[in-house]
Amino acid sequence: MSISVPEKWDIETDVVVVGYGGAGATAAITASNCGAQVTVLEKMPSGGGNTRVSGGGLFKTTSMEWRRYVEALCFGATGTDVIEEFVRNAMENKDWIKEIGGEVEPTLHLQVSYPGPAPKASFPQLPGWESMEKFGVKGPDTEPNKAERLWKLLSGNVERRAIRVMMSTPARRLITNEKDEVIGVAAEKDGRDLFVKARRAVILTCGGFEFNDDLKRDFLPCKPFFAFGNPGNTGDGVRMAQKIGAGLWHMTATSAQLGFKAPEYESAFIIRLFTERFIYVNRDARRFADEAKIEVHSIAWLTSIFDGQRFRYLNIPAYAIFDETARRKAPLSPGNIGFNQNLYKWSSDNSAEIGKGWISKGKTIAELARKISVDEAALEKTVADYNDGCKNGRDGEFGRSRETLTAIDAPPYYAIELWPCLINTQGGPTRDKDGRVLDAEGSPIPRLYSAGELGSIWGFAYQGSGNNGESLIFGRIAGRNAAAERSWE
Ligand SMILES: Cc1cc2nc3c(=O)[nH]c(=O)nc-3n(C[C@H](O)[C@H](O)[C@H](O)COP(=O)(O)OP(=O)(O)OC[C@H]3O[C@@H](n4cnc5c(N)ncnc54)[C@H](O)[C@@H]3O)c2cc1C
């Protein structure tokens, strides 16, 4: 079934890339290096997407052994051939960054809230993790933000190649011919249709569905889910690909953590308590995990626990409970990550956010409980039990390690309401090892490719830095293979 081939094309090019984030830039650079004329369409007024507001973490692997780790994380959701190709290409990530003029520096694995020693991998209990190396793009010192450095490197390369990038130009649908080949994109520019012919192929790199309420409701394991990233990621690639018969995979997989959502901001705030003096509690004022061990991207396993009797999610919302010493330690939201970083500067001692009512305050734990509408006696008992554990060096409930146990005992006391918030979604059109989008029966849709978090390979659990790393890997694979297609004309 062809989708309304226009009588006249407004732009003609070899490869159309839809979405100008890390995957789109990588695909465009690679396709251009392979001799294709490339046009990039970006919906927002500027590029960068989630990539530019991310932590900027990247990875490479040093051995095919890493495939055992990825296989364990994917838990059967991703085929062996895709994983092998992914790992093989992951070995080249660092060299590729150098090839396009970047310098690299090592980075550590991030902990969500806790300042202790950084683990080497998200799940070091699984086999094969050792052959992963994490890194970021280095300097200049005038640009301390790693994600911004990554984006400057990628977009600088796109500009140097004189690749046409059209901002504020959302793709609306894919255009196919009578042979079901994807031959172009119908986009919108200044309220008018813009038809862009792709002589060789189209690459979808338009990110996830963090800001699409329907897709989140239908596929994610709990609700509500807010998001930290680019509001332009509304799942357009999922819908466009579905419309021409693509299969979907990994739609329930997320990279997510607890964050704060202020009604006046579309994106949520990342919350990191750089201290041990805190616990998380739920609406029953009970702790629900060893706070120091929650894997930074995997909150959905805890927030999707549903209480069928009371018919509500047990741990949504949650609250971080902390004291005056913790409050003075550092801003709860770091100013160098997430979409809000350029919109709001969190106060260094959190006083402005107390003033705004984002953080609740009580002279006693009982008063704090009343402020956040949880049971007073229950919260008093939870904090007292935790503090006893700190005194004894033993957390009887969750086994939080001795060195992470510091009492919450310096009044006044504070709480911030936390919700599951997406770092990103992983689902989207199914992709094969060559970056081709597959239809619902597993056959490639001719001339359609994808890369990045739209239909990511991470089908179950996720390794930090895995998404930016994947954008480079499948950006290169899709860019190369799209450029190698022969023109359909
Ligand atoms: C706060 C935060 C921290 C993170 N930290 C890390 C990290 O340290 N390491 C890591 O590996 N991953 C991290 N991630 C995840 C990672 O950043 C993303 O998964 C990755 O950037 C995805 O790249 P992408 O190119 O696929 O999508 P994006 O970079 O989001 O780019 C997609 C682009 O497509 C555009 N678009 C959407 N729809 C259309 C349309 N219809 N037409 C045209 N354009 C469209 C969007 O506006 C966007 O610019 C983080 C994410 C966030 C939000």
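Residues numbered from 1 in each chain as written. Predicted model: local features only at pLDDT ≥ 70, side-chain atom pairs only at ≥ 80, totals over all residues. Heavy atoms only, no water.

Some remarks on the overall build of the protein chain
Of the regular secondary structure elements, the protein chain holds 14 helices and 22 strands. Taking 489 residues into account, the globule formula puts the C-alpha radius of gyration at 23 Å, and the protein chain, at 23 Å, falls close to it. Seen through its C-alpha atoms, the protein chain measures out along the principal axes to roughly 75 × 45 × 45 Å. A buried classification covers 62% of the 489 residues belonging to the protein chain. Relative to all contacts within the protein chain whose residues are 6 or more apart in sequence, the contacts with residues 24 or more apart total 77%. Accessible area for the protein chain stands at about 19500 Å²; split by element, carbon and sulfur atoms hold 49% of it. Separation between the mean location of the 61 positive side-chain charges and that of the 63 negative ones in the protein chain comes to 2 Å. (Helix = DSSP H or I, 4+ residues; strand = E, 2+ residues; numbered from the N terminus. Rg over C-alpha atoms; globule rule 2.2 N^0.38 Å. Buried < 20%, exposed > 50% of the residue type's maximum accessible area, 1.4 Å probe, protein only. Contact = heavy atoms within 4.5 Å. Areas by Shrake-Rupley, 256 points an atom, 1.4 Å probe, with all protein chains shown as cover. Lys, Arg positive; Asp, Glu negative; His and termini not counted. Charge placed at Lys NZ, Arg CZ, Asp CG, Glu CD.)

Re the pairing of strand β8 (residues 182-189)
Summarising burial for β8: 6 of the 8 residues are buried, a large majority. Note: strand β7 (residues 171-176) against β8, 5 bridges, orientation antiparallel. Bridging across to β8, Ile175 finds its partner in Gly184. Counting the residues between successive antiparallel strands, the hairpin from β7 to β8 contains 5 residues, one of them, Asp180, with a positive phi of roughly 65°. (Pairing = 2+ DSSP bridges.)

Considerations on the pattern of salt bridges
The full count for this structure, using the stated rule, is 38 salt bridges. In this structure, Asp236 and Lys43 form a salt bridge, with 3.0 Å as the shortest nitrogen-oxygen distance. Of the two residues, Asp236 sits in helix α8 (residues 236-243) while Lys43 sits in the loop between β2 (38-41) and α2 (49-52), which places them 193 residues apart along the sequence. Its relative accessible area of 19% is what places Asp236 among the buried residues. Arg277 is paired through a salt bridge with Asp409; the nearest N and O atoms lie 2.8 Å apart. In this pair, Arg277 sits in the loop between β13 (269-270) and β14 (278-281) while Asp409 sits in the loop between α13 (376-392) and β19 (413-425), placing the two residues 132 residues apart along the sequence. By relative accessible area, which is 45% here, Asp409 ends up partly exposed. What you see here is one network of salt bridges that share partners, running through Glu12, Asp14, Lys197, Arg199, Arg200 and Glu489. (Salt bridge = Lys/Arg side-chain N within 4 Å of Asp/Glu carboxyl O.)

So, the nonpolar core
Among the nonpolar cores identified, the biggest contains 65 residues, and Val202, Leu204, Phe322, Trp346 and Ile416 are the most heavily contacted of them. Taken together, domain 1 (11-253 + 426-484) and domain 2 (256-422) each give at least three residues to this core, which thus spans both. If we ignore the near neighbours within four places in the chain, the residues touching Ile416 are Phe260, Ile271, Ala318, Tyr319, Ala320, Phe322, Leu332, Trp346, Trp358 and Ile359. With 56 residues, the next largest nonpolar core counts Met132, Leu153, Ile163 and Ala461 among its residues. (Core = buried A, V, L, I, M, F, W, Y, C linked by side-chain atoms within 4.5 Å. Domains from an automatic or database assignment.)

A short note on the site of the ligand
Near the ligand you find 43 residues, and of these Glu42, Thr51, Asp236, Glu453 and Asn468 are the closest. Interatomic distance of 2.9 Å between a backbone N/O atom of Ala23 and an oxygen atom of the ligand. Here an oxygen atom of the ligand sits 3.4 Å away from a polar atom, N or O, in the main chain of Gly56. Taken by itself the ligand offers 1000 Å² of open surface, and the protein chains cover 97% of this. Where the shell around the ligand is concerned, the elements lending two or more residues are α1 (22-33), α2, β19 and α14 (466-484). Ranked by residue count, the leading element in the shell around the ligand is α14, at 4 residues. Along the lines of polarity and charge, the residues of the shell around the ligand split into 14 nonpolar, 25 polar and 4 charged. (Near = heavy atom within 4 Å. Polar contact = N/O pair within 3.5 Å; in protein donor to acceptor, adjacent residues only side chain to side chain. Nonpolar A, V, L, I, M, F, W, Y, C, P; charged D, E, K, R; others polar.)

What about the domain arrangement of the protein chain?
Segmentation of the protein chain into domains returns domain 1 (11-253 + 426-484) and domain 2 (256-422). A straight line from the C-alpha centre of domain 1 to that of domain 2 covers 32 Å. Opposite the 32 residues of domain 1 that make contact, domain 2 presents 41 residues. On the surface where domain 1 and domain 2 come into contact, there are 0 salt bridges. Taken together, domain 1 and domain 2 are joined by 10 residue pairs in polar contact (both at pLDDT 80 or more). Within the side of domain 1 that touches domain 2, the residues separate by chemical class into 19 nonpolar, 10 polar and 3 charged.

Points about the pairing of β2
Neither face of β2 is exposed, since Val38 and Val40 on one face and Thr39 and Leu41 on the opposite face are all buried. Sheet topology places strand β1 (residues 11-18) next to β2; 4 bridges connect them, and they run parallel. Bridge pairing links Val15 to Val38 in β2. Across 3 bridges, β2 lies against strand β6 (residues 164-166) in parallel orientation. Bridge pairing in β6 places Val40 opposite Val165.

Observations concerning the side chain of Thr78
Tracing the sequence through the fold places Thr78 in the loop between α3 (66-74) and α4 (80-90). A relative accessible area of 7% means that Thr78 is categorised as buried. Among the polar contacts made by the side chain of Thr78, one reaches the side chain of His250 at a distance of 3.1 Å. Polar side-chain contacts of Thr78 include one of 2.7 Å to the backbone oxygen of Ile457. With residues near it in sequence (within four places) discarded, Thr78 still touches Ile83, Trp249, His250, Ile457 and Gly459.

Side note on the packing of α1 against helix α6 (residues 146-160)
As a packed pair, α1 and α6 sit with axes 9 Å apart at the nearest point and diverge in direction by 35°. Here α1 runs over α6; the crossing is left-handed. Counting all contacts with α1, which are made through Gly22, Ala25, Thr26 and Ile29, the residues of α6 involved are Trp151, Leu154, Asn157 and Val158. When its residues are assigned to classes, the contact of α1 with α6 shows 5 nonpolar, 3 polar and no charged. (Axes fitted to C-alpha atoms, helices over the stretch in contact; angles between N-to-C directions. Left-handed = near helix turned anticlockwise from the far one by under 90°.)

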